[in-house]
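# Analysis of the macromolecular model
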Amino acid sequence: MTIFCQAALCGCSMVGLVSADIWCKLWLLYIRHYRCSSSPELNSMSASSLMRGEEDMQRRLVVKLMRGEEDMQRRLVVKLMRGEEDMQRRLVVKLLGLSLLLSLATNGGGVQAQPLVPAMILFGDSTIDVGNNNYLPGAVFKANYAPYGDNFRRHRATGRFSDGKIVSDITAESLGFVSYAPPYLSPLASGKNLLAGANFGSAASSYADDTAAMYDAITLSQQLKYYKEYQTKLAAVAGRRKARSILADALYVVSTGTGDFLQNYYHNASLSARYDVPRYCDLLVGIFSGFAAELYRLGARRIGVTSMPPLGCLPAAIRLYGKGRPSCVRRLNGDAATFNRKLNATVEALARRHADLKIAIFDIYTPLLALSEAPAAQGFSEARKTCCRTGDKATRVYLCNPGATKGPGMCRNASSYVYFDGVHPSEAANAFIAESMTSAGISLIF
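In what follows, the accompanying structure is described.

Scoring rules and cut-offs
- Residues numbered from 1 in each chain as written.
- Predicted model: local features only at pLDDT ≥ 70, side-chain atom pairs only at ≥ 80, totals over all residues.
- Heavy atoms only, no water.
- Axes fitted to C-alpha atoms, helices over the stretch in contact; angles between N-to-C directions.
- Helix = DSSP H or I, 4+ residues; strand = E, 2+ residues; numbered from the N terminus.
- Left-handed = near helix turned anticlockwise from the far one by under 90°.
- Contact = heavy atoms within 4.5 Å.
- Nonpolar A, V, L, I, M, F, W, Y, C, P; charged D, E, K, R; others polar.
- Disulfide = S-S within 2.5 Å.
- Buried < 20%, exposed > 50% of the residue type's maximum accessible area, 1.4 Å probe, protein only.
- Phe/Tyr/Trp six-rings, centres within 6.5 Å; stacked < 30°, edge-to-face > 60°.
- Lys NZ or Arg CZ within 6 Å of the ring centre and 35° of its normal.
- Pairing = 2+ DSSP bridges.
- 1 Å grid on protein atoms, 1.4 Å probe; cavity = no way out; pocket = protein on both sides within 12 Å on 5 of 7 lines; lining within 4 Å.
- Points joined across faces, edges and corners; volume = space filled by probe spheres on them.

## Structural notes on the packing of helix α15 (residues 277–297) against helix α17 (residues 330–353)
In the contact formed by α15 and α17, the axes pass within 9 Å of each other and the chain directions differ by 35°. The two elements α15 and α17 meet at a crossing, and its hand is right-handed. Across from Val277, Pro278, Cys281, Asp282, Leu284, Val285, Phe288, Ser289 and Ala292 in α15, the residues of α17 making contact are Asp335, Thr338, Phe339, Lys342, Leu343, Thr346, Val347, Leu350 and Arg353. For the contact of α15 with α17, a count of residues per class yields 11 nonpolar, 3 polar and 4 charged.

Following this line, the structure appears as structure tokens:
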């Protein structure tokens, strides 16, 4: 067993997808958490399929991993050394994405695995919100009612805009967390719970504060103020030295921008008259640049920002701007691509400016476009209709109708749908998106 593990580490330098140093660290992680074991069953599975798996199947997989034979392990190394990029990426996902299952197995033996980062600190809109809008009486967008949360813990709505987990939940589990960063406005955001981070996300928040203000969401500038307040609270709980260490090593995630287009620019004639799309993208990206620079000044050193999704493929956008056609709206997707090109250039500039800053883009556009245009290729049956029935007017076109839990108001199997409501993916789609983001996440962690 020991000889095999050493051989696996030596083989790291032959893998071309990521640097040899990163591969060796991944193998060390693999050996520490998985006891240097694997199985053919693991090689045929992906993180997204695990998300859909039954509990009994997951338990059997853990047992096989813990009891793996040396011949199985040798075959995995050969595949890593000879494999193509896509296969290698999937194997990386399997190594990281199974951490939760295996930590559950080791916890049964009294061993507690440590997360790969000490905390997660999240900013943004409904793609990140885990309940902050529940505490805002005037907030237009809330997910505190059925059918939201139907496949989440206890089958209850928490404020997450999905049937179950959102991408940040799945990412947290892959990093080894056994709980999620609490919504900052909730009573849970206190005491030792702050050690694992905080979530400042608010549905309808946007890069432009004017957009968020229209829907009584927490603006991005207000989220930054809350973060400064969080720093003080964290120091009171952990002590200043430990708090600084947590904040420096934490993973920061910024996920917003969709509302700037769908809920403002596209139906705000005054705004679209002042800015064409490229100039509007410059405005938004400039706001992100200033936000990231301020996070850096406050101690952040690992920042991930999500790209703009394919706006024209969101069911609500197709209904509003598709002119009766069921296909993705190319013009809107083009606007998203323009934003993403400018965001990429800005991220590269920030990386050059700060040598000790690890910053990366979490690509949402590519995987969600793939799911939207060819759902069957990834095991989904529907990418145009929403799992829950949405409204017909104003903001209701984006969200599920309240109480639509059974019958004609709800699909039978949310995991076969790419979109749960008019703009938000299902848990199964979120798992696929989270899997595709792993390569960017590696650069932030190691």
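Now, onward.
## Observations concerning the state of the cysteines
What the rule picks out here adds up to 3 disulfides. Two residues share a disulfide in this structure: Cys387 and Cys411, whose sulfurs sit 2.0 Å from each other. Residues Cys387 and Cys411 share a disulfide whose torsion about the S-S bond is about -70°; that sign makes it left-handed. With a gap of 24 residues between them, Cys387 in the loop between α18 (365–373) and α19 (427–436) and Cys411 in the loop between α18 and α19 connect regions that are remote in the sequence. Just as Cys387 is buried, Cys411 falls in that class too.

## What about unusual backbone geometry?
Residues Ala146 and Pro147 are joined by a peptide bond in cis, for which omega reads 15°. Within the secondary structure, Pro147 is located in the loop between β1 (120–124) and α9 (167–174). In this structure, Arg154 takes a positive phi of about 60° despite not being glycine. Along the chain, Arg154 turns up in the loop between β1 and α9. Residue class for Arg154 comes out exposed when judged on its relative accessible area of 70%. One non-glycine residue, Lys323, lies in positive phi territory at about 55°. In this structure Lys323 comes out as exposed when scored by relative accessible area, which is 71%.

## Structural notes on the packing of aromatic side chains
On inspection of all chains with the given rule, the structure shows 24 aromatic pairs. Between Tyr145 and Tyr148, the aromatic rings sit 5.4 Å apart at their centres with planes inclined by 80°, giving edge-to-face as the arrangement. By relative accessible area, Tyr145 is classed as buried at 16%. By way of ring pairs, the aromatic residues Phe123, Tyr184, Phe200, Tyr226, Tyr227, Tyr230, Tyr252 and Phe291 are connected into one cluster. The ring centre of Tyr296 lies 3.8 Å from the NZ or CZ of Arg301, which sits over that ring.

## A look at the side chain of Ser372
Mapping Ser372 onto the fold places it in helix α18. If we ignore the near neighbours within four places in the chain, the residues touching Ser372 are Cys313, Cys328, Ala383, Arg384 and Tyr419.

## A word on the pairing of strand β3 (residues 251–255)
Of all 5 residues that make up β3, 5 are buried, and the element is covered over most of its length. Side-chain alternation along β3 places Leu251, Val253 and Ser255 on one buried face and Tyr252 and Val254 on a second face that is also buried. The pairing of β1 with β3 spans 5 bridges and is classified as parallel. Bridged to Gly124 within β3 is Ser255.

## Examining the environment of Pro278
Relative to the elements of secondary structure, Pro278 occurs in helix α15. Taking the relative accessible area as the measure of exposure, Pro278 reaches 37% and is therefore partly exposed. As a C-alpha pair, Pro278 and Thr338 span 60 residues in sequence and 6.8 Å in three-dimensional space. Those residues in contact with Pro278, other than ones at most four positions away along the chain, are Thr338 and Lys342.

## Quick word on empty space enclosed by the protein
Taken as a whole and judged by the stated rule, the model has 4 cavities of 30 Å³ or more. Lining the largest cavity are 37 residues, with Asp125, Ser126, Thr127, Ser255 and His424 positioned closest to its centre. Residue assignment for the lining of the largest cavity shows that the elements contributing at least two residues are α9, β3, α13 (258–262) and α19. Broken down by element, the residue count for the lining of the largest cavity peaks at 3 residues, all from α9.

Any functional reading would require information that these geometric values do not contain.
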